[in-house]
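What the coordinates show
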Amino acid sequence: MSDGRKTIVVGVTGGIAAYKTCELVRALVRDGYRVKVVMTEAATRFVSPLTFRTLSAEPVTVSMWADEPDAKIHHISLAEEADLMVIAPCTANVIAKIAHGRADDMLTTTALATEAPLVIAPAMNVHMWRKDVTQRNVAVLRSRGAVVIDPTHGELACGDVGEGRLASVESIVEAVAAEAVRVRDLMGKHVLVTAGGTHEPIDPVRYIGNHSSGKTGFAVAEEAARRGARVFLVTGPSHLPDPFGCEVVRVQTALQMRAAVLARADAADVIVMSAAVADFRPATASSDKIKKTDAPAQITLERNPDILSELGARNGGAVLVGFAAETSEVEENAKAKLEAKCCDLIVANDVSDPVLGFGTDENRVLLVTRDAVERLDVLPKAAIAREILDRAVRLLEER
Ligand SMILES: Cc1cc2nc3c(=O)[nH]c(=O)nc-3n(C[C@H](O)[C@H](O)[C@H](O)COP(=O)(O)O)c2cc1C
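These remarks concern the structure in this document. (Residues numbered from 1 in each chain as written. Predicted model: local features only at pLDDT ≥ 70, side-chain atom pairs only at ≥ 80, totals over all residues. Heavy atoms only, no water.)

Here the focus is the nonpolar core. Ranked by internal contacts, the top residues of the largest apolar core, which has 34 residues, are Val10, Leu28, Val37, Phe52, Val86 and Ile172. Counting 32 residues, the second largest nonpolar core, distinct from the first, contains Ala224, Cys246, Ile384 and Leu389. (Core = buried A, V, L, I, M, F, W, Y, C linked by side-chain atoms within 4.5 Å. Buried < 20%, exposed > 50% of the residue type's maximum accessible area, 1.4 Å probe, protein only.)

This is how it looks when you write it as structure tokens:
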């Protein structure tokens, strides 16, 4: 049934905050969504299905075994119908089940079966929330692309004070709205992203490297995957886990990065070169650890290949995005780099600011194309990733 409305499947689990989901359902209906509620058995102890059926004007599902008039397998049809699934409140139990792929009731089976974005709003006692096992399960869900709206701090139903209160209905509605309109404008496209720094070996235990954490490139890769792209991420050493939905190649050196990038560049529609590739490498790397007493007075360096220039010169038809880490004359240097390396977009930032840039979660960047220079505010790296891909999609459309 399509009347232009997006379908939000609201999962309700057995927490005391389930009564607040009544307000959530009302707000979503008011905002023009079709809302279909699915409840766990435990949730029905807190709020009656009749309440949700009345608020949503749609049938409410609790059991997988109920007779369906149209003979459809309901958890699959519900999963397919969903433009988004939000679980609020989400118990520690359901977080654990979904994190481990369990599907033993209607709600968890639908959550496993759906391809739609998943928004989770946990609510529980503070000690349950803080337990390592819960935090690990939440991290698993986040790493798979779920949006987790952290519970807030305050007085809990059990009398304890701490984190565990369900986030406000307004913030859940906001997250749903943001996810529901998330564009899939890179569907069918190949996006190649590089991230992190490289390690150029001096001997088996020492290397020349830099401070790049890989956070920006990982954020770009994750965002591109969310927008429907097939994503290859080539990264230097980084502690970050593989982003959800990306094919990841982990390399150490600039030469390895070059080989991995060139192997995939021809298939790419968009190439985002955010890696901080070392410009130089030791001319020779000792195969044995160099003893303190044998330390050379000098290390002879050799130039590494300039991968971005090589890609620009090949002009393979992909939108090419380069990065410029500058300590002065950021705009001038970015414009020069755009021309010299035949890029379509340069993302430039001033790395002399100790609070921003390498290793931090936020950054302030300048986006330089042939036609425009845009100075963005200080933004989280995930937001910068969105801005970069918005420009890349526009450039792709102009081809
Ligand atoms: C009064 C009461 C309140 C509860 N509140 C919560 C809660 O806020 N969060 C939570 O994770 N579990 C809470 N529980 C425990 C869950 O109901 C229990 O783990 C149940 O098995 C969850 O089932 P479900 O995850 O299938 O909905 C509560 C239990 C009771 C009796």
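Still more ground to cover, so stick around.
Once that is clear, we can look at the sheet that holds strand β5 (residues 147–148). Strand order in the open sheet formed by 5 strands is β2-β1-β3-β4-β5, with parallel pairing between adjacent strands. What marks the edges here is a single partner per strand, and that holds for β2 (34–39) and β5. Against the sheet, helix α1 (residues 18–30) makes contact with β1 (7–12), β2 and β3 (84–90), and its axis sits at roughly 175° relative to β1, the strand it touches most. (Pairing = 2+ DSSP bridges. Helix = DSSP H or I, 4+ residues; strand = E, 2+ residues; numbered from the N terminus. Contact = heavy atoms within 4.5 Å. Axes fitted to C-alpha atoms, helices over the stretch in contact; angles between N-to-C directions.)

All right, on to the environment of Ala195 then. Along the chain, Ala195 turns up in strand β8 (residues 190–195). Through-space distance from the C-alpha of Ala195 to that of Ile290 is 30 Å; in sequence the pair is 95 residues apart. With residues near it in sequence (within four places) discarded, Ala195 still touches Gly214, Gly217, Phe218, Leu233, Val234, Thr235, Gly236, Met257, Ser274 and Ala275.

Bringing the pairing of β3 into the picture now. For β3, the buried fraction is high: 7 of the 7 residues fall into the buried class. Burial of β3 is two-sided: the residues Leu84, Val86, Ala88 and Cys90 facing one way and the residues Met85, Ile87 and Pro89 facing the other way are all buried. Inspection of the sheet shows β1 paired to β3 by 4 bridges, in the parallel sense. Residue pairing for β3: Gly11 is matched across the bridge by Ile87. In this sheet, strand β4 (residues 118–122) lies alongside β3 in parallel orientation, the contact comprising 4 bridges. Its bridge partner lying in β4, Val86 is registered against Val119.

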